Amino acid sequence: IGFCLNRCLFLCLANLVLMLPIDWTDCYEEYEFSSSEEDDFCIFIATDTKELGSLGAAVWPGAVALAKWLDSHNNCVNITKSSTVLELGAGTGFVSIFAAKIGASCVATDTADTLQYTNHAVRLNFIDETNNPAPREIMQHCCQYGGNRTNSPTVMELSWGDLIAMQTIGALHGPFEIIIGSEIVYEHSPIADLITTLHFFTYGGPGYDPHPDPHILLSYTNRSSYIHDLFWTMVHEWWAVESFQTGNFTGRIYHLTKKNKPRCTATQGQSTLPFPTTRR
């Protein structure tokens, strides 16, 4: 993040020396949306964070594709002001920010080493003049296009399969009607832990009663046939699946709904989730 702001400062000083107007778009990307729930709005992401070497610092194509799909297909899975949304592997929190600007209550989760990018993006898109990393010109522009809405996503740490973290998130903010994840199925994904987490938030588990009609929305490009096949072998045991292709996105968007399976319960203090959970 510091690299981005330092680069912005350098550009600013260079333009002042050369007497040129400052173009803040060198530092920030803007994504425009038009929702039936609210007026048009934009999402802003710091562009240089992608150079910091973290997978969670970039806006991946699947995140943009899923947000655009929700924006234009909200009759299929309708995100409204009453929706509760959980994002797994949020990274920049792009889809959570989109849903929050519509008015949903959102929790953006990721591992501890990635939350700095999530927090940065949330602060950038929901105006807080006392704690905002963006230049005033960006803040004013963001405020004009939806950044002054108050229901910013809550950012929380979650390593998939961590039962205590899942219980805490569920108790504080659940139950969740919609669970989303973009580009979270890839070569190094801990698939068993991901399935456990999806299972917990749709079927329930120790200390968590799920939403009566939860939906899972995933978007990703198949970058590993082995991981892809392993993931869907596990998915089909628990969820019914339909998939969609959208725009120029080379991957697919998947809509999962639970089958008629019994919810998980605790037996003598042991979790009966489909795979072992991680305990701190």
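Only a predicted model underlies this, so the values are computations on that prediction, with no experimental measurement involved.

**Let's talk about the overall build of the protein**
Move 1: Within the protein, the secondary structure is distributed over eight helices and nine strands.
Move 2: In the protein, which comprises 280 residues, the share counted as buried stands at 53%.
Move 3: Contacts spanning at least 24 positions in sequence make up 67% of the contacts within the protein whose residues lie at least 6 apart.
Move 4: Element-wise, carbon and sulfur atoms account for 51% of the exposed surface of the protein, whose accessible area totals about 12800 Å².

**Quick word on the pattern of salt bridges**
Move 1: Tallying each qualifying case throughout the model produces one salt bridge.
Move 2: Among the salt bridges present, the one from Glu183 reaches Arg223, with a minimum N-O distance of 2.7 Å. Of this pair, Glu183 sits in the loop between strand 6 (178-182) and helix 7 (191-203) while Arg223 is found in the loop between strand 7 (215-220) and helix 8 (225-238), placing the two residues 40 residues apart along the sequence.

**Some words on the side chain of Ser219**
Move 1: With respect to the helices and strands, Ser219 occurs in strand 7.
Move 2: With a relative accessible area of 1%, Ser219 lands in the buried category.
Move 3: Polar contacts involving the side chain of Ser219 include one to the main-chain carbonyl oxygen of Gly62, which spans 2.7 Å.
Move 4: Residue contacts for Ser219: discarding those within four places in its chain leaves Gly62, Ala63, Leu66, Gly181, Ser182, Glu183, Phe249, Arg252 and Ile253.

**Some details on helix 7**
Move 1: Compared with the 18 Å implied by 1.5 Å per residue over 13 residues, the 18 Å span of helix 7 between its first and last C-alpha is a close match.
Move 2: When you tally the buried positions in helix 7, you get eleven out of 13 residues, the bulk of the element.
Move 3: Once helix 7 ends, the next one or two residues include Gly204, with phi positive near 95°.

**Thoughts on the sheet that holds strand 8 (residues 239-244)**
Move 1: Pairing in this open sheet of seven strands is mixed, and the strands run 5-4-3-6-7-9-8 from one edge to the other. Both edges of this open sheet fall to strand 5 (154-157) and strand 8, since each of them pairs with a single strand only. For this sheet, the mean inter-axis angle between neighbouring strands, taken without regard to orientation, is 20°.
Move 2: Across four bridges, strand 4 (residues 105-110) lies against strand 5 in parallel orientation.

**Considerations on the side chain of Glu87**
Move 1: Checked against the element boundaries, Glu87 lands in strand 3 (residues 84-87).
Move 2: Despite its burial, Glu87 pairs with no opposite charge, the nearest such side chain being Lys101 at 13 Å.
Move 3: Separated by 2.6 Å, the side chains of Glu87 and Ser96 make a polar contact.
Move 4: Setting aside residues no more than four positions away along its own chain, Glu87 makes contact with Gly93, Phe94, Val95, Ser96, Val107, Ala108, Thr109, Ile180 and Ser182.

**Points about the environment of Trp60**
Move 1: Here Trp60 is to be found in the loop between strand 2 (41-46) and helix 2 (61-72).
Move 2: Through-space distance from the C-alpha of Trp60 to that of Glu183 is 7.0 Å; in sequence the pair is 123 residues apart.

**Comments concerning unusual backbone geometry**
Move 1: Cis geometry is found at the peptide bond from Gly174 to Pro175, where omega equals -5°.
Move 2: Looking at the secondary structure, you find Pro175 in the loop between helix 6 (163-173) and strand 6.
Move 3: The backbone phi angle of Glu183 is positive, close to 55°, even though this residue is not glycine.
Move 4: By relative accessible area, which is 8% here, Glu183 ends up buried.

**Some points on the packing of aromatic side chains**
Move 1: Summed over all chains, the structure comprises 15 aromatic pairs.
Move 2: For the ring pair Phe200 and Phe201, a centre distance of 5.1 Å and an interplane angle of 85° mean the geometry is edge-to-face. Each of the two residues, Phe200 as well as Phe201, counts as buried.
Move 3: Taking the ring centre of Phe126 as reference, the NZ or CZ of Lys101 above it sits at 5.7 Å.

Criteria and thresholds
- Residues numbered from 1 in each chain as written.
- Predicted model: local features only at pLDDT ≥ 70, side-chain atom pairs only at ≥ 80, totals over all residues.
- Heavy atoms only, no water.
- Helix = DSSP H or I, 4+ residues; strand = E, 2+ residues; numbered from the N terminus.
- Buried < 20%, exposed > 50% of the residue type's maximum accessible area, 1.4 Å probe, protein only.
- Contact = heavy atoms within 4.5 Å.
- Areas by Shrake-Rupley, 256 points an atom, 1.4 Å probe, with all protein chains shown as cover.
- Salt bridge = Lys/Arg side-chain N within 4 Å of Asp/Glu carboxyl O.
- Polar contact = N/O pair within 3.5 Å; in protein donor to acceptor, adjacent residues only side chain to side chain.
- Expected span 1.5 Å × (residues − 1).
- Pairing = 2+ DSSP bridges.
- Axes fitted to C-alpha atoms, helices over the stretch in contact; angles between N-to-C directions.
- Lys, Arg positive; Asp, Glu negative; His and termini not counted.
- Phe/Tyr/Trp six-rings, centres within 6.5 Å; stacked < 30°, edge-to-face > 60°.
- Lys NZ or Arg CZ within 6 Å of the ring centre and 35° of its normal.

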